[in-house]
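# Observations on the three-dimensional arrangement
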Amino acid sequence: DTEVTQTPKHLVMGMTNKKSLKCEQHMGHRAMYWYKQKAKKPPELMFVYSYEKLSINESVPSRFSPECPNSSLLNLHLHALQPEDSALYLCASSQEDRADEKLFFGSGTQLSVL
Amino acid sequence: AQSVTQPDIHITVSEGASLELRCNYSYGATPYLFWYVQSPGQGLQLLLKYFSGDTLVQGIKGFEAEFKRSQSSFNLRKPSVHWSDAAEYFCAVGFFSGGYQKVTFGIGTKLQVIP
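Thresholds, definitions, all that
Residues numbered from 1 in each chain as written. Chains lettered and ligands numbered in written order. Predicted model: local features only at pLDDT ≥ 70, side-chain atom pairs only at ≥ 80, totals over all residues. Heavy atoms only, no water. Helix = DSSP H or I, 4+ residues; strand = E, 2+ residues; numbered from the N terminus. Rg over C-alpha atoms; globule rule 2.2 N^0.38 Å. Buried < 20%, exposed > 50% of the residue type's maximum accessible area, 1.4 Å probe, protein only. Contact = heavy atoms within 4.5 Å. Areas by Shrake-Rupley, 256 points an atom, 1.4 Å probe, with all protein chains shown as cover. Pairing = 2+ DSSP bridges. Axes fitted to C-alpha atoms, helices over the stretch in contact; angles between N-to-C directions. Buried area = accessible area lost by both parts, 1.4 Å probe. Polar contact = N/O pair within 3.5 Å; in protein donor to acceptor, adjacent residues only side chain to side chain. Nonpolar A, V, L, I, M, F, W, Y, C, P; charged D, E, K, R; others polar. Disulfide = S-S within 2.5 Å.

## A short note on the overall build of chain B
- Looking only at helices and strands, one finds zero helices and twelve strands in chain B.
- For a compact globule of 115 residues, the expected C-alpha radius of gyration is about 13 Å, and chain B comes in at 14 Å, within 12% of that figure.
- Here the C-alpha coordinates of chain B stretch approximately 45 × 30 × 20 Å along the principal axes.
- Within chain B, the proportion of its 115 residues that are buried is 43%.
- Sequence-distant contacts, at least 24 apart, represent 53% of the contacts inside chain B between residues at least 6 apart.
- Surface exposure of chain B reaches about 5500 Å², of which carbon and sulfur atoms provide 49%.

See below:
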């Protein structure tokens, strides 16, 4: 299994809603990532988990809350989002949290905030 | 500061023609270099990567890239483009920053293939 699975594929939410994005991999990878990609822009790193511990938070607003319940799962909890948070949210994983590692990406969750 | 520049936002080529996508980087040491491809509404897939050794690297789907230290470039090439190659292509660099290892992406080049 060489896939990173993200659910849901599409999500529409209001600014007062609470929702969660889920990501799962069964490749035994020890590093997992959340990226945000706005239309016609490159992916931007949000969070990095290494061995289930948060190692990088790229100054992301607190309305985004990551969680890594175990080595295969990564969640992104969303609360009180703004319309400008609408984007494609990509999860990725790699064998280790190293700059020379290949990243395996999921197909993303397209989020629209109304 | 490290950066990745892809000077061509959009490129159109005819099917069967050759392709070269440009990438320049700025980094104090030899970086880890990658090319990823993204189809619409999808995640990114690694085409190839360079760390050291032979400066010409082969990737999947018939792509290759050449690392030129003197030009700080890592251009992607394909001798004959297929319609299925139409996608967005991202050059990326892996580096150390603030005690952590990170990967940053260029702005991307959108490839259109015409019959």
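From this point, the discussion proceeds with the structure in view.
## Focus on the sheet that holds strand E7 (residues 64–70) of chain A
Residue and element names in this part refer to chain A.
- Pairing in this open sheet of four strands is antiparallel, and the strands run E1-E3-E8-E7 from one edge to the other. Edge positions in the sheet fall to strand E1 (4–7) and E7, since each of these pairs with one other strand and no more. The average angle at which neighbouring strand axes cross in this sheet is 20°, direction not considered.
- Bridging between strand E3 (residues 18–25) and strand E8 (residues 73–79) involves seven bridges; their strand directions are antiparallel.

## Section: the interface of chain B and chain A
- Taken together, the contact between chain B and chain A spans 21 residues of the former and 20 residues of the latter.
- Summing the contributions of chain B and of chain A, the shared interface buries around 1800 Å²; its carbon and sulfur component is 61%.
- Among the residues of chain B in contact with chain A, B:Leu44, B:Gln101 and B:Phe105 are the three that bury the most area, contributing 28% of the side total.
- Run the count over chain B and chain A and you get three residue pairs in polar contact (both at pLDDT 80 or more).
- Contributing elements (two or more residues each) for the side of chain B that touches chain A: strand E5 (32–38), strand E6 (44–50), strand E10 (87–97) and strand E11 (100–105) of chain B.
- At five residues, E11(B) tops the list of elements feeding residues into the side of chain B that touches chain A.
- Residue composition of the side of chain B that touches chain A, by class: twelve nonpolar, seven polar and two charged.

## What about the pairing of strand E4 (residues 31–37) of chain A?
All names here are of chain A.
- Counting buried residues in E4 gives seven out of seven residues, a clear majority hidden from the surface.
- With burial as the criterion, each face of E4 is covered, one bearing Ala 31, Tyr 33, Tyr 35 and Gln 37 and the other bearing Met 32, Trp 34 and Lys 36.
- In the sheet, E4 pairs with strand E5 (residues 44–50) via six bridges, with the strands oriented antiparallel. Bridging from a neighbouring strand, Lys 36 pairs with Glu 44 of E5.
- Turn length for the E4-E5 hairpin, with the two strands adjacent in sequence and antiparallel, is six residues, and the turn residue Lys 40 shows positive phi of about 60°.
- Sheet analysis places E4 next to strand E9 (residues 87–94), joined by seven bridges and oriented antiparallel. Across the sheet, Met 32 pairs through a bridge with Ser 93, a residue of E9.

## Regarding the state of the cysteines
- Applying the stated criterion to the full structure yields two disulfides over all chains.
- Between the sulfur of A:Cys23 and that of A:Cys91 lies a disulfide, 1.9 Å long from S to S. Negative torsions about the S-S bond denote left-handed disulfides, and the value of about -70° found for A:Cys23 with A:Cys91 makes this one left-handed. Pair noted here: A:Cys23 is in strand E3 and A:Cys91 is in strand E9, with a separation of 68 residues, a long-range link. Here the two residues A:Cys23 and A:Cys91 agree in accessibility, since each one is buried.
- Paired through a disulfide, B:Cys23 and B:Cys91 show a sulfur-sulfur distance of 2.0 Å. Taking the torsion about the sulfur-sulfur bond, which here is approximately -65°, the covalent link between B:Cys23 and B:Cys91 counts as left-handed. A residue pair is termed long-range when its members are at least 10 positions apart, and B:Cys23 in the loop between strand E3 (19–21) and strand E4 (24–26) and B:Cys91 in strand E10 qualify at 68 residues.
- On the basis of relative accessible area, B:Cys91 is assigned to the buried category, the value being 0%.

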